[in-house]
Amino acid sequence: MRKRNESVTVEHERAAAAAVPGPLDKGCSLRRSLRLPAAAAEGMKRPLGRRYGLWFRLRKLVLWLLGMYIAIPFLVKLCPAIQAKLVFLNFVRVPYFIDLKRPQDQGLNHTCNYYLQPEEDVTIGVWHTVPAALWKNARGKDQLWFEEALGSSHPVILYLHGNAGTRGGDHRVELYKVLSSLGYHVVTFDYRGWGDSIGSPSERGMTYDALHVFDWIKARSGDNPVYIWGHSLGTGVATNLVRRLCERETPPDALILESPFTNIREEARSHPFSIYRYFPGFDWFFLDPITTSGIKFANDENVKYISCSLLILHAEDDPVVPFHLGKKLYNIAATSRSFRDYKVQFVPFHTDLGYRHKYIYRSPELPRILREFLGKSEHEHHH
């Protein structure tokens with residue numbers, strides 16, 4: 001009986017020993033039982049690997065962008081020509097794929113394309129749109145007819161466009177149509193280096209091109225009033241031109257500045273698109289190279305030497321040339337002695353209208369504004 005009890009006890013202990021696993025460092029069977037299947041382990045590694053690879057690439061991109069952000073100011077400082085290109089943007093040609101020799105493709109059926117040569121090795125493309133009243137007569141006519149038409153009893157507007165694009169830019173074409181419908185000849189051109197015009201851009205060259213076209217108009221327009229209209233960067237060309245005309249005592253009948261700035265340094269510093277405005281040494285890195293390149297477009301200085309009527313148009317929601325710069329220029333001109341015998345007017349366009357930088361031509365008030373302002377200028381011209 002005793003023997004049998006011992007036997008039962010031994011069997012019970014063996015069974016218990018079999019049920020309880022051995023120590024982890026001695027028994028490998030537990031590790032094997034807890035090990036995940038190979039496919040499941042591989043599935044966990046893949047998302048981890050993907051996450052790590054994505055993070056590595058993202059970090060690499062951020063470091064590269066940071067390096068470029070820091071390097072660009074030094075590149076601009078070492079090569080001022082880069083900053084000049086950013087001011088002119090003459091290499092940006094929009095809309096693309098249009099033939100500037102065919103203004104009729106842009107809906108300007110009463111427009112003729114010319115080419116003038118201000119200097120040796122410089123050729124500029126010119127568009128001349130006659131008043132809408134002459135539209136039927138203009139069909140099929142050659143350049144000679146258009147040149148002679150400048151002597152008809154209609155005032156002429158010389159339009160100086162801003163940077164980027166060409167004389168065929170959409171908003172520019174729409175303005176030509178508005179001005180033509182109001183009874184004006186519109187003469188516009190691409191500065192050397194823009195569009196299909198030949199030459200290298202510079203402030204001096206742009207101003208000389210404008211002077212050449214103005215003289216070309218005056219030689220054909222007789223006693224008809226000639227007004228100068230500058231937009232954006234073109235306001236800098238316009239005040240350069242008009243200052244020079246006033247100094248030689250052949251001023252235009254009026255000057256219209258649309259979305260003007262005070263000078264190119266203040267415009268660059270105030271430009272909403274500038275990501276370097278708060279960069280340490282911004283003036284030294286970015287503004288000084290502009291001056292080194294001979295680019296000033298000093299409207300605030302030029303208006304002190306201009307003696308003709310001045311109209312400034314500016315939209316409050318202009319995202320390119322801040323509204324406050326146009327207002328500041330007006331305040332300088334209004335207190336200048338050179339304008340004491342001439343009308344100086346500032347017309348703001350409320351933010352709700354949405355005219356921004358280049359859509360003032362859409363204003364239904366524009367015809368009235370021009371009629372009232374230029375009507376006074378024409379009266380001054382004839383007396």
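The notes below deal with the structure included here. Note that the structure is a prediction, hence the values are computed from the model and not measured.

1. Overview of the overall build of the protein chain
Helix and strand counts for the protein chain stand at 14 helices and eight strands. By the burial criterion, 45% of the 383 residues in the protein chain qualify as buried. Within the protein chain, contacts between residues at least 6 apart in sequence are counted, and of these 75% link residues at least 24 apart. Of the roughly 20,400 Å² of accessible surface on the protein chain, a fraction of 57% belongs to carbon and sulfur atoms.

2. Considering unusual backbone geometry
Geometrically, the link from Val-94 to Pro-95 is a cis peptide bond, its omega value of -5° lying close to zero. Structurally, the position occupied by Pro-95 is in the loop between helix H4 (80-88) and strand S1 (111-119). Even without being glycine, Leu-89 reaches a positive phi, approximately 50°. Residue placement: Leu-89 occurs in the loop between H4 and S1. Despite not being glycine, Arg-356 has its phi angle at roughly 50°, a positive value. With respect to the helices and strands, the residue Arg-356 is situated in the loop between strand S8 (344-349) and helix H14 (366-382).

3. Describing a nonpolar patch on the surface
Together, Trp-55, Leu-58, Leu-61, Val-62, Trp-64 and Leu-65 make up a nonpolar patch on the protein surface, roughly 650 Å² of accessible area in all. Along the chain, Val-62 falls in helix H3 (residues 38-78).

4. Quick notes on the packing of aromatic side chains
Using the criterion set out here, one finds twelve aromatic pairs in the structure. Where Tyr-159 meets Tyr-176, the ring centres are 5.7 Å apart and the plane angle is 75°; that geometry is what we call edge-to-face. Here Tyr-159, found in strand S3 (residues 156-160), pairs with Tyr-176, found in helix H7 (residues 170-181); they are 17 residues apart in sequence, far enough to count as distant. With respect to burial, Tyr-159 and Tyr-176 carry one shared label: buried. For the cation-ring pair, Lys-141 lies above Trp-145, with the distance from its terminal atom to the ring centre recorded as 5.7 Å. For the cation-ring pair, Arg-362 lies above Tyr-359, with the distance from its terminal atom to the ring centre recorded as 4.1 Å.

What counts, and where the lines are drawn
- Residues numbered from 1 in each chain as written.
- Predicted model: local features only at pLDDT ≥ 70, side-chain atom pairs only at ≥ 80, totals over all residues.
- Heavy atoms only, no water.
- Helix = DSSP H or I, 4+ residues; strand = E, 2+ residues; numbered from the N terminus.
- Buried < 20%, exposed > 50% of the residue type's maximum accessible area, 1.4 Å probe, protein only.
- Contact = heavy atoms within 4.5 Å.
- Areas by Shrake-Rupley, 256 points an atom, 1.4 Å probe, with all protein chains shown as cover.
- Patch = residues over 30% accessible without salt bridge, like charges linked within 9 Å, V, L, I, M, F, W, Y side chains within 5 Å.
- Salt bridge = Lys/Arg side-chain N within 4 Å of Asp/Glu carboxyl O.
- Phe/Tyr/Trp six-rings, centres within 6.5 Å; stacked < 30°, edge-to-face > 60°.
- Lys NZ or Arg CZ within 6 Å of the ring centre and 35° of its normal.

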